[in-house]
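# Remarks on the overall topology
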Amino acid sequence: RSAVQPKLRELMAPLQAPDFGEKTLGKVKQCFDYLYEQSDTRQNVAIAGYCFGGTYSYNLAVAEPRLKAAVPFYGHADQPADELRAIKCPVLAFFGEKDEALVSKLPDLKARMQEAGADFTAQVYPDCGHAFFNDTNPFAYNEAAARDAWQRALGFLAEHVS
């Protein structure tokens, strides 16, 4: 086990680089621009992401006014309200009640989103933790919550992305 930890730290080191977030958001924006320019998706691009991808769903919503909808699953949104004001699309966010790191911050996130005037809805599933949607993780997966979240996400996208 101790031989693996240094390898993991080495692999994860780029995440700690000061410009990592900016570079990652730049790559997400490149994906958005590519999809936005396609004739069959033009002006109808949304984002959904899980954990790390959920965080970048919020980040793209802040950075991209052409985005039609954002669906973050258990992501972080640490921006102040003045930055969240840039969000022009509706956001439907999913959380597991037992994901203390995120759920403890949810009242503050709701308040910042409200102050920013963002269209923000949070759905918290009882008896679920982080990664409740991940059906490859038998310790986290919650089938009932995952099914409900998927139906809500599809309905939300059908309503906002036409």
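Residues numbered from 1 in each chain as written. Predicted model: local features only at pLDDT ≥ 70, side-chain atom pairs only at ≥ 80, totals over all residues. Heavy atoms only, no water.

### Some remarks on the overall build of the chain
Within the chain, the regular secondary structure consists of 7 helices and 4 strands. Shown N-terminal to C-terminal, the secondary structure of the chain runs as helices and strands in the order α-α-β-α-β-α-β-α-α-β-α. In terms of principal-axis extent, the alpha carbons of the chain reach across some 50 × 35 × 35 Å. Looking at the chain as a whole, 37% of its 162 residues are labelled buried. Of the contacts made within the chain by residues no fewer than 6 positions apart, 57% connect residues no fewer than 24 positions apart. Computed over 17 positive and 21 negative side-chain charges, the separation of the two mean positions in the chain equals 3 Å. (Helix = DSSP H or I, 4+ residues; strand = E, 2+ residues; numbered from the N terminus. Buried < 20%, exposed > 50% of the residue type's maximum accessible area, 1.4 Å probe, protein only. Contact = heavy atoms within 4.5 Å. Lys, Arg positive; Asp, Glu negative; His and termini not counted. Charge placed at Lys NZ, Arg CZ, Asp CG, Glu CD.)

### A word on the sheet that holds strand E2 (residues 69-73)
Taking strand neighbours across the sheet as the criterion, the 4 strands line up as E1-E2-E3-E4 in an open arrangement whose pairing is parallel. What marks the edges here is a single partner per strand, and that holds for strand E1 (46-50) and strand E4 (120-125). Each strand axis lies, on average, 10° off the axis of its neighbour in the sheet, ignoring direction. Where strand E3 (residues 91-96) meets E4, 6 bridges bridge the pair, whose relative direction is parallel. Directly across from Ala 93, in E4, lies its bridge partner Ala 122. Taken strand by strand, helix H7 (residues 143-160) contacts E1, E2, E3 and E4, and its axis lies near 170° from that of E2. (Pairing = 2+ DSSP bridges. Axes fitted to C-alpha atoms, helices over the stretch in contact; angles between N-to-C directions.)

The values are spatial; any link to function lies outside them.
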